[in-house]
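# Structure assessment
So you can see what is in the structure, the chains are spelled out below.
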Amino acid sequence: MFVDSDTVSEFKSEDGAIHVIERRCKLDIDAPRLLKKIAGVDYVYFVQKNSLNYRERTLHIEAHNETFSNRVIINEHCCYTVHPENEDWTCFEQSASLDIKSFFGFESTVEKIAMKQYTSNIKKGKEIIEYYLRQLEEEGVTFVPRWTPPSIAPSSETSASCKKQAAASAVVPDAALKEGLSSEAPGHPSGVPEPAAGTPDDKLDADYIKRYLGDLTPLQESCLIRLRQWLQETHKGKIPKDEHILRFLRARDFNIDKAREVMCQSLTWRKQHQVDYILDTWNPPQVLQDYYAGGWHHHDKDGRPLYVLRLGQMDTKGLVRALGEEALLRYVLSINEEGLRRCEENTKVFGRPISSWTCLVDLEGLNMRHLWRPGVKALLRIIEVVEANYPETLGRLLILRAPRVFPVLWTLVSPFIDDNTRRKFLIYAGNDYQGPGGLLDYIDREVIPDFLGGECMCEVPEGGLVPKSLYRTAEELENEDLKLWTETIYQSASVFKGAPHEILIQIVDASSVITWDFDVCKGDIVFNIYHSKRSPQPPKKDSLGAHSITSPGGNNVQLIDRAWQLGRDYSMVESPLICKEGESVQGSHVTRWPGFYILQWKFHSMPACAATSLPRVDDVLASLQVSSHKCKVMYYTEVIGSEDFRGSMSSLESSHSGFSQLSAATTSSSQSHSSSMISR
């Protein structure tokens, strides 16, 4: 607690731009009386030096202890600077060090007290700043003009007032450089906020934030902008929507470094398992449609989509024996993807941001059969995957009619559930959900399902026992699991020496964006992009297969006619890119003209030795490694409208993805046979 202070020294530059003041501060420390008595002091003294630079718009605060400085050394440094991307925001950095040499045998106690004080001071700092900001508002001060040199400064009275205001108006702490926060800063000269670099203006619009993202503090808004900009610079193609980025930030308390790490892992996972396309490309087996007792059912009172799961009526053992763990997991992923889609729809319908859903779980019928070990194992894995990749999507979980066996199941699964998620759980035993604080507090009466005593017909399947005739052997389930994750939107192609693989993309609107994502599974290739005003002739499937070759390893199609001349009939629009075996490559090209674009993967031949016509030993060995001069690629391409693309609006060179586990490529084809893995 601050008691008093004396000014030790003070300095002001002639132009008024720099003001340095040093104070000796008297503090009352919240410490045990016994410790104070042993130490022989009631108060402790600290020396604080404040350096305010109006020209550079910085404030540095340094503090160190005077009391017990021969036993304990405390140093603290705070720094307020202008946000590098928006001059209306202020960055706040704080660091401290504690070195306890000796303290009457109470070293550990003093350390705990110091940590407690430091933590409480950080929390208290924001309250103090907000107090002075409110005081300025009460005085009618809503804008602080930028400092100007005396030669063009206004009257001395106004200048003195500005200095006082600038010193007091300071900032709301922002761990912009550490914890990923930001806040309002001293006024911009024009009074108009300057958008962050590389950020669309509409994303900073207050109406957009309130309409689609909810109330965000300036600190949280800054985190969102900075993380999104990092994704734009790093991730080629479409980036996650703001709502989804915000979920990862909220799950990590707006710590940018932690949110970035888990989001990168999630993006890698989504790419490997093609989760973005699961709703369009995967149809659940009939067994799931008949016996999985869960489904979407209207919405709760807050507008969140409502998912009903009759877990007690579901034969988890039968589903696992009939389908396997992977099919169940994929079905749950499709449910989560549908939930994200419904959140977007409800946001439009209700006119306010809805980013999570409510889950109602009915446990009537839960018994020891549900605690079958492989079934619990599958449940734990599902929880683990969902927790990692769908943070902050569960708004509320209502668990109804929990039987006596429920505590056993809860003991097994609760350690795998995040603390923030667990706080959203409401558990009702028996018919407690019908009383005060029950279901009616969260769901309108007219949508309560009929099996819970409501009047609304619920179309969720009733579940029941899966017939044993549908059970499969362990070997069949293993093969089915493998098949599930090898189904992919990627296409495979073979590339031969003298026979590149080419695909045609027709562009109608200029400024469209062609994106590609491919893995080099075998051999080394050269990737090219060409443009032509006329369409190539479709490949002829002649008996010799000169233009179109089909093999078990993939297709080979050649579109560029041998009579065509580069520069006359077609032109190269990107520099050739050499890709090594095992590499995963993503990139994009912003088209300048309509017409026909040809993406080509060509066999990469070793460069001939300049000094002699004889091949080098390394070249011979490398060529022997590539059987029959054949390469293989797995690729996916997509054309995106420029308005939907969140990358740089210029041609982008292909790059190795930071989101792919295949980035750790080998250095040469002679070393890469063990790395020919495909990202699924």
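Notes on the structure in this doc start here. Given the structure is predicted, the values throughout are model-derived calculations rather than measurements.

Another point: the sheet that holds strand E8 (residues 294-299). Spatially, 5 strands are ordered E8-E9-E10-E11-E12 in an open sheet, and the strand pairing comes out mixed. Only two strands of the sheet have a single partner each, and these edge strands are E8 and strand E12 (425-429). Adjacent strand axes in the sheet meet at a mean angle of 20 degrees, parallel and antiparallel pairs treated alike. Strand direction decides the pairing type here: strand E11 (residues 394-402) and E12, joined by 4 bridges, are parallel. Along E12, the bridge assignment pairs isoleucine 399 with isoleucine 427. Lying over the sheet, helix H11 (residues 325-350) contacts E8, strand E9 (305-309) and strand E10 (357-362), oriented at roughly 10 degrees with respect to E8.

This part takes up the packing of aromatic side chains. Summed over the entire model, instances satisfying the criterion amount to 18 aromatic pairs. Taking the centre distance of 4.9 Å and the plane angle of 45 degrees together, the rings of tyrosine 80 and phenylalanine 92 count as tilted. Of this pair, tyrosine 80 sits in strand E5 (residues 72-82) while phenylalanine 92 sits in strand E6 (residues 89-100), and the two are 12 residues apart along the sequence. Taken together through their ring pairs, the aromatic side chains of Trp516, Phe518, Phe527, Trp601 and Tyr635 make up a single cluster. Sitting above the plane of the tyrosine 43 ring, lysine 26 keeps its charged end 4.4 Å from the centroid.

Here serine 532 lies in strand E16 (residues 525-532). Given the relative accessible area of 1%, serine 532 is considered buried. A distance of 3.1 Å separates a polar side-chain atom of serine 532 from the backbone oxygen of aspartate 569. In this structure serine 532 touches Trp564, Asp569, Tyr570, Gly595 and Phe596, once residues within four positions along its chain are discounted.

In this model helix H7 (residues 256-272) runs 24 Å from its N-terminal to its C-terminal C-alpha over 17 residues, within 8% of the 24 Å that 1.5 Å per residue would give. Burial analysis of H7 places 12 of its 17 residues in the buried class, the great majority of the element. Every buried residue belonging to H7 is among Ile256, Ala259, Val262, Met263, Cys264, Ser266, Leu267, Thr268, Trp269, Arg270, Lys271 and Gln272, and all of these are buried. Considering only its buried residues, H7 is in contact with helix H5 (218-234), helix H6 (242-251), H11, helix H12 (373-389), strand E15 (513-522) and strand E21 (584-590). Residue asparagine 255 occupies the N-cap position of H7, its side-chain oxygen lying 3.2 Å from the main-chain nitrogen of aspartate 257. The first or second residue beyond H7 is glutamine 274, which carries a positive phi of 55 degrees.

Quick notes on the rules
Residues numbered from 1 in each chain as written. Predicted model: local features only at pLDDT ≥ 70, side-chain atom pairs only at ≥ 80, totals over all residues. Heavy atoms only, no water. Pairing = 2+ DSSP bridges. Helix = DSSP H or I, 4+ residues; strand = E, 2+ residues; numbered from the N terminus. Axes fitted to C-alpha atoms, helices over the stretch in contact; angles between N-to-C directions. Contact = heavy atoms within 4.5 Å. Phe/Tyr/Trp six-rings, centres within 6.5 Å; stacked < 30°, edge-to-face > 60°. Lys NZ or Arg CZ within 6 Å of the ring centre and 35° of its normal. Buried < 20%, exposed > 50% of the residue type's maximum accessible area, 1.4 Å probe, protein only. Polar contact = N/O pair within 3.5 Å; in protein donor to acceptor, adjacent residues only side chain to side chain. Expected span 1.5 Å × (residues − 1).

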